[in-house]
Amino acid sequence: MRALLPRLFGLCLASTLAACGGGGGGGGGSTPTAAPISTPTPTPTSSPTVVNFTTVTLDAGPAALNTGPDAYTAFNEPYVSITICAPGLTSNCQTIDHIILDTGSVGLRIVKPVINASLMAALPTESDATGNPVGECYKYVNSYAFGSVRQADFSIAGETIANMPFQAIGDTGVFATAPSSCSSGGGTDIDTVQAFGANGIIGVGTTTTDCGSICQSGLASGAAYYDCPAAGCSAIIARNANATAPFQQLPNPVAAFATDNNGTLIVLPSVAPAGVATLTGTVYFGIGTQGNNALTATTILPTTTSGSSRGPGFVTATYNGKALTQSFLDTGSNDYYFIDTTLPICTQTFLNVFYCPTAPTPLSPTFTATNGATGSGAFTLYNPAVTTSGSANVAPGLGVNPTLVTPPLPFANSFDFGIPFFFGKSVYTAIEGRQAGSTQGPYFAF
Amino acid sequence: MTGVQTDRAHLAARLSSTTIGTHTRHEMTLPNGGLVKEFTNANGRVYALTWSGPGKPDLRSLLGGYFDRLQAGNARINPRARRQPMQLVRSDVVIQTGGHMGYFWGVAYIPALAPAGFAVTELQ
């Protein structure tokens, strides 16, 4: 792969930037997104320069969501396109659109049926110490995804990683059934595009791998790796936490890039209260590594690390006088999630977890970082039944109450600043242990 | 909500128990550093449990018959609120979950088995 890099780079220069950033490719199982219209011109830097940015699109989602009795359209989901190739083979590649760009998780996961059969057959499965294939379970707050751990030559924009492991969700054969210790955490098995809400997800959060030391010790966190003999996957196995090749756990792809590997900068336009059908912005890889990703943020908020008993990637948000010590910025959350028992909840059937304020309501949570730095988390809360257009796939300022239980329970210590917080901002997510501009990661900045 | 010793063995956990007034708190430390706490009433029945830590414990085992009800009550993800955590609020059982990458938590209790004067805020 290393020898191919100059050739890939040459293709990018000779063609349009869009060809590097996401369009095109040999996708039979998915439709590529439109070429970016207003992609900024990268500032020239010392050579060799890698194209370090690509378009982020929020739209109705892949067509597979809007089919059948459970048809729906995506809401506030930021998507990018990625390309995977059979290791060492640029002739067997596929560009896959509608991959969620998620600052709240780590690792590349693709719903298996969107991968061309001929490519899938050429993607080796990781094998463990006994020679058996490796499976992975990954748990989200209300769901889980199980599948094989495959290797591919990965690229996004001009950034490439050879032999990068990713999770093929809903893989068949020995991976057909999620292990009991995976499903017993509860939640929905999200093993189809419609259930997942996307063709896949690329987690670019604050950690370098998706599990870290816990999986290295052969235990489970939200992620767990499995030995998968012919009888199926059952035993959890130890996998090292290398952030560069040779990989075992899924890496944060950004941390595994050869350059621009200290974090991301996500730039999204502001959105009018009624919302829009489509929104496009840009994700830049690297912080302070090229002319287009300088750290110009006025608020820099170092977060907890993997060693924290609270978990990684958290800051404190103080809201209504309560210090919420496990708060976070998350492009993978489509709303703000927070508890405020003084705000009315909507009564409409499909909105009855949302706040329905009687008028647009300015809210003023404040951030406190692990180093004591502070910042404003202020935003205006809107009423989805009144303000949001019915045709909007993207809308700002919607809040969800994550708990039905009153009074709020002792563990409810989060204010989740979802994708609406990123509208109209330039938000940096710096990776743990990496120097990023003036400050060492992990941090969020804006 | 089966029994403390059964759960301790199933979870391969270290156990320490403390009696406070009308209830006993059994604190189990899991191999991955997570915590499961079970609360028993004067008759030794589990009336509440909490979990917290880097992963999710075996809720099918811990919640017993309530697990399937929690699953059934949260079978469909709301596309406009995809991160809404699983929860179940019924007259006979209350379950609330939450979390984010690297830290998940939950609380479950059975009001009919709880000691008089029980408040959910005691479930620390």
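Residues numbered from 1 in each chain as written. Chains lettered and ligands numbered in written order. Predicted model: local features only at pLDDT ≥ 70, side-chain atom pairs only at ≥ 80, totals over all residues.

Colleague: Provide a residue-level description of the confidence of the model for chain A, including the pertinent values.
Modeller: The share of residues in chain A with pLDDT of 70 or more is 89%, and the mean pLDDT across the chain is 91. Note on residues 1–37 of chain A: pLDDT under 50 across the span, and 69 contacts to partners over four residues away in sequence or across chains. (pLDDT = per-residue confidence, 0-100. Contact = placed C-beta atoms within 7 Å.)

Colleague: Hey, could you go over the interface of chain B and chain A for me, with residue numbers and the actual values?
Modeller: Listed as interface residues are 42 residues of chain B and, on the opposing side, 46 residues of chain A. Where the side of chain B that touches chain A is concerned, the elements lending two or more residues are α2 (59–63), α3 (66–72), β5 (87–89), β6 (94–100) and β7 (103–109) of chain B. Element by element, the count of residues in the side of chain B that touches chain A is highest for β6 of chain B, at 5 residues. Residue classes in the side of chain B that touches chain A are distributed as 20 nonpolar, 16 polar and 6 charged. (Helix = DSSP H or I, 4+ residues; strand = E, 2+ residues; numbered from the N terminus. Nonpolar A, V, L, I, M, F, W, Y, C, P; charged D, E, K, R; others polar.)

Colleague: Got a sec to walk through the domain arrangement of chain A? Specific residues and values, please.
Modeller: Residues and elements named next belong to chain A. Split into domains, chain A comes out as domain 1 (2–256) and domain 2 (295–445). Elements supplying a minimum of two residues to the side of domain 1 that touches domain 2: β3 (93–102) and α7 (253–256). At 3 residues, β3 tops the list of elements feeding residues into the side of domain 1 that touches domain 2. Residue composition of the side of domain 1 that touches domain 2, by class: 10 nonpolar, 12 polar and 3 charged. (Domains from an automatic or database assignment.)

Colleague: How would you explain the sheet that holds strand β3 (residues 35–40) of chain B if you had to name every residue and give the values?
Modeller: All names here are of chain B. Ordered by their spatial adjacency, 7 strands build an open sheet running β1-β2-β3-β4-β7-β6-β5, and the pairing between neighbours is antiparallel. Single-partner strands in this sheet number two, and they are β1 (14–20) and β5. The mean inter-strand angle of the sheet, taken between neighbouring strand axes irrespective of direction, is 15 degrees. Sheet topology note: the β5/β6 ladder contains 3 bridges and is antiparallel. Looking at the pairing, leucine 88 lines up with isoleucine 95 of β6. Against the sheet, helix α1 (residues 4–11) touches β1, β2 (23–29), β3 and β4 (46–53), its axis set at about 170 degrees to β3. (Pairing = 2+ DSSP bridges. Axes fitted to C-alpha atoms, helices over the stretch in contact; angles between N-to-C directions.)

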